[in-house]
Amino acid sequence: MDLSQKSIENVEYMIEQIKEKLNVLNLGAIKPSHFDEEMYEELKEIYELVMRKNSFSPNEMQALVEELGNLRKQNNK
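Note that the structure is a prediction, hence the values are computed from the model and not measured.

(A) Spatial organisation of the overall build of the protein chain. From N to C terminus, the protein chain includes 3 helices and 0 strands. Going residue by residue from the N terminus, the α and β elements of the protein chain occur as α-α-α. Within the span of the protein chain, comprising 77 residues, buried residues form 31% of the whole. Expressed as a percentage of contacts within the protein chain between residues at least 6 apart in sequence, the contacts between residues at least 24 apart total 67%. Surface exposure of the protein chain reaches about 5,100 Å², of which carbon and sulfur atoms provide 46%.

Structure follows, in structure tokens:
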């Protein structure tokens, strides 16, 4: 997957990978449709951070979920 290109498909891929890696229990809370290409670079940074680490403390998990919440489209808040 070429994540250097901004696309809806890449946004969907990164969100799904983040959810899987973080073992998000409430899968409906984070949906690819909540994000758009406007925040692509920020989302990609979160994705790369999540993929680099093997485990996360509860505080790290909370911070990541909050940051994802901050990136959500305005109309989905």
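(B) Representation of a negative patch on the surface in the model. On the surface, a cluster of negative charge is contributed by E41, E42, E45, E66 and E67. Within the secondary structure, E66 sits in helix α3 (residues 58–71). Given a relative accessible area of 47%, E66 falls into the partly exposed group.

(C) Helix α2 (residues 40–52), seen in detail. A rise of 1.5 Å per residue sets the reference length of α2, with its 13 residues, at 18 Å; its end C-alpha atoms lie 18 Å apart and thus fit the reference within 8%. Turning to α2, its buried residues number three or more, namely Y40, L43, K44, I46, Y47 and V50. Down the axis of α2, the buried set is contained in an arc of 160°. They therefore lie on one face. Along α2, the residues that are exposed and aim more than 90 degrees away from the buried face are E45 and R52. Buried residues in α2 make contact with α1 (8–22) and α3.

(D) Structural context of the packing of α1 against α2. Closest axis-to-axis distance for the α1/α2 pair is 10 Å, and the angle between their directions is 35°. Both α1 and α2 take part in a crossing whose hand is left-handed. Counting all contacts with α1, which are made through N10, V11, Y13, M14, I15, Q17, I18, K21 and L22, the residues of α2 involved are Y40, L43, K44, I46, Y47, V50 and M51. Considered class by class, the residues forming the contact of α1 with α2 number 12 nonpolar, 2 polar and 2 charged.

(E) Region of the structure containing α1. The terminal C-alpha atoms of α1, which comprises 15 residues, lie 21 Å apart, in line with the 21 Å expected from a rise of 1.5 Å per residue. Among all positions of α1, only N10, V11, M14, I15, I18, K19 and L22 are buried. Around the axis of α1, the buried residues are gathered within 165° of arc, so they sit on the same side. Exposed positions of α1 whose direction lies more than 90 degrees from the buried face are E9 and E20. Looking at the buried residues of α1, the elements they touch are α2 and α3.

The rules behind the values
- Residues numbered from 1 in each chain as written.
- Predicted model: local features only at pLDDT ≥ 70, side-chain atom pairs only at ≥ 80, totals over all residues.
- Heavy atoms only, no water.
- Helix = DSSP H or I, 4+ residues; strand = E, 2+ residues; numbered from the N terminus.
- Buried < 20%, exposed > 50% of the residue type's maximum accessible area, 1.4 Å probe, protein only.
- Contact = heavy atoms within 4.5 Å.
- Areas by Shrake-Rupley, 256 points an atom, 1.4 Å probe, with all protein chains shown as cover.
- Patch = residues over 30% accessible without salt bridge, like charges linked within 9 Å, V, L, I, M, F, W, Y side chains within 5 Å.
- Salt bridge = Lys/Arg side-chain N within 4 Å of Asp/Glu carboxyl O.
- Lys, Arg positive; Asp, Glu negative; His and termini not counted.
- Charge placed at Lys NZ, Arg CZ, Asp CG, Glu CD.
- Expected span 1.5 Å × (residues − 1).
- Arc of directions from axis to C-beta.
- Axes fitted to C-alpha atoms, helices over the stretch in contact; angles between N-to-C directions.
- Left-handed = near helix turned anticlockwise from the far one by under 90°.
- Nonpolar A, V, L, I, M, F, W, Y, C, P; charged D, E, K, R; others polar.

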